[in-house]
Amino acid sequence: MEDEIKKLEEIYQELNEEDTDIKKWNQALIPKAILLCPSIAFALTFLKINTDKSIIDFLGFVAMGVLLVSGGIFLNYLLSKGKK
């Protein structure tokens, strides 16, 4: 019991010693813009090339991609959960 208390106190000390910097939302706007550019370019080219498609079709296409990626992440979580 005392060992656990000592470990918790050490962790608490380490957390208090760390210097955490909280950035505001408007800091580092250029990297955020760079991350958004491919998504915006994809959306514009998708709608430009597929003129017969609507916004609903585009959102469905994106939602399917999000579901596939989320499923892969969840499957990876389930498979790596038992290795601990």
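Residues numbered from 1 in each chain as written. Predicted model: local features only at pLDDT ≥ 70, side-chain atom pairs only at ≥ 80, totals over all residues. Heavy atoms only, no water.

1. Observations concerning the overall build of the protein chain
Along the backbone of the protein chain there are three helices and zero strands. Working note: accessible area of the protein chain is about 8,300 Å², and carbon and sulfur atoms make up 66% of it. (Helix = DSSP H or I, 4+ residues; strand = E, 2+ residues; numbered from the N terminus. Areas by Shrake-Rupley, 256 points an atom, 1.4 Å probe, with all protein chains shown as cover.)

2. Some thoughts on the packing of aromatic side chains
The full count for this structure, using the stated rule, is five aromatic pairs. Residues Phe42 and Phe58 carry aromatic rings whose centres are separated by 6.1 Å and whose planes lie at 40° to one another, so their mutual orientation is tilted. Here Phe58 lies in helix 3 (residues 55-81) and Phe42 lies in helix 2 (residues 29-49), a separation of 16 residues in the sequence. Exposure remark for Phe42: the relative accessible area of 36% places this residue in the partly exposed category. Among the aromatic residues, those joined into a cluster by ring pairs are Phe42, Phe46, Phe58 and Phe61. (Phe/Tyr/Trp six-rings, centres within 6.5 Å; stacked < 30°, edge-to-face > 60°. Buried < 20%, exposed > 50% of the residue type's maximum accessible area, 1.4 Å probe, protein only.)

3. Quick word on helix 1 (residues 2-17)
The end-to-end C-alpha distance of helix 1, which contains 16 residues, comes to 22 Å, matching closely the 22 Å that a straight helix rising 1.5 Å per residue would cover. Judged by how many residues are buried, helix 1 sits mostly at the surface: zero of 16 residues are covered. (Expected span 1.5 Å × (residues − 1).)

4. A closer look at the packing of helix 2 against helix 3
Direction vectors running N to C along helix 2 and helix 3 enclose 130°, while the axes themselves pass 11 Å from each other. Between helix 2 and helix 3, the angle falls in the class oblique. Along this stretch, helix 2 crosses helix 3, giving a crossing that reads as right-handed. Residues Phe42, Ala43, Phe46 and Leu47 of helix 2 lie in contact with helix 3, whose contacting residues are Ile55, Phe58, Phe61 and Val62. Here the contact of helix 2 with helix 3 is built from residues that sort into eight nonpolar, no polar and no charged. (Axes fitted to C-alpha atoms, helices over the stretch in contact; angles between N-to-C directions. Parallel < 35°, antiparallel > 145°, perpendicular 65-115°, else oblique. Left-handed = near helix turned anticlockwise from the far one by under 90°. Contact = heavy atoms within 4.5 Å. Nonpolar A, V, L, I, M, F, W, Y, C, P; charged D, E, K, R; others polar.)

5. Some points on the confidence of the model for the protein chain
When pLDDT is averaged along the protein chain, the result is 82; 89% of the residues meet or exceed 70. The least confident element of the protein chain, judged by mean pLDDT, is helix 1 at 81; the most confident is helix 3 at 88. (pLDDT = per-residue confidence, 0-100.)

6. Concerning a nonpolar patch on the surface
A contiguous nonpolar surface patch, about 340 Å² in accessible area, is contributed by Phe42, Phe61, Val62 and Val66. The element best represented in the nonpolar patch is helix 3, accounting for three residues. (Patch = residues over 30% accessible without salt bridge, like charges linked within 9 Å, V, L, I, M, F, W, Y side chains within 5 Å. Salt bridge = Lys/Arg side-chain N within 4 Å of Asp/Glu carboxyl O.)

7. A closer look at the environment of Phe58
Under the relative-accessibility criterion, Phe58 is labelled buried at 12%. Spatially, the C-alpha atom of Phe58 lies 7.6 Å from that of Leu47, the residues being eleven residues apart in sequence. Not counting residues within four places of it along the chain, the set of residues in contact with Phe58 comprises Phe42, Ala43, Phe46 and Leu47.

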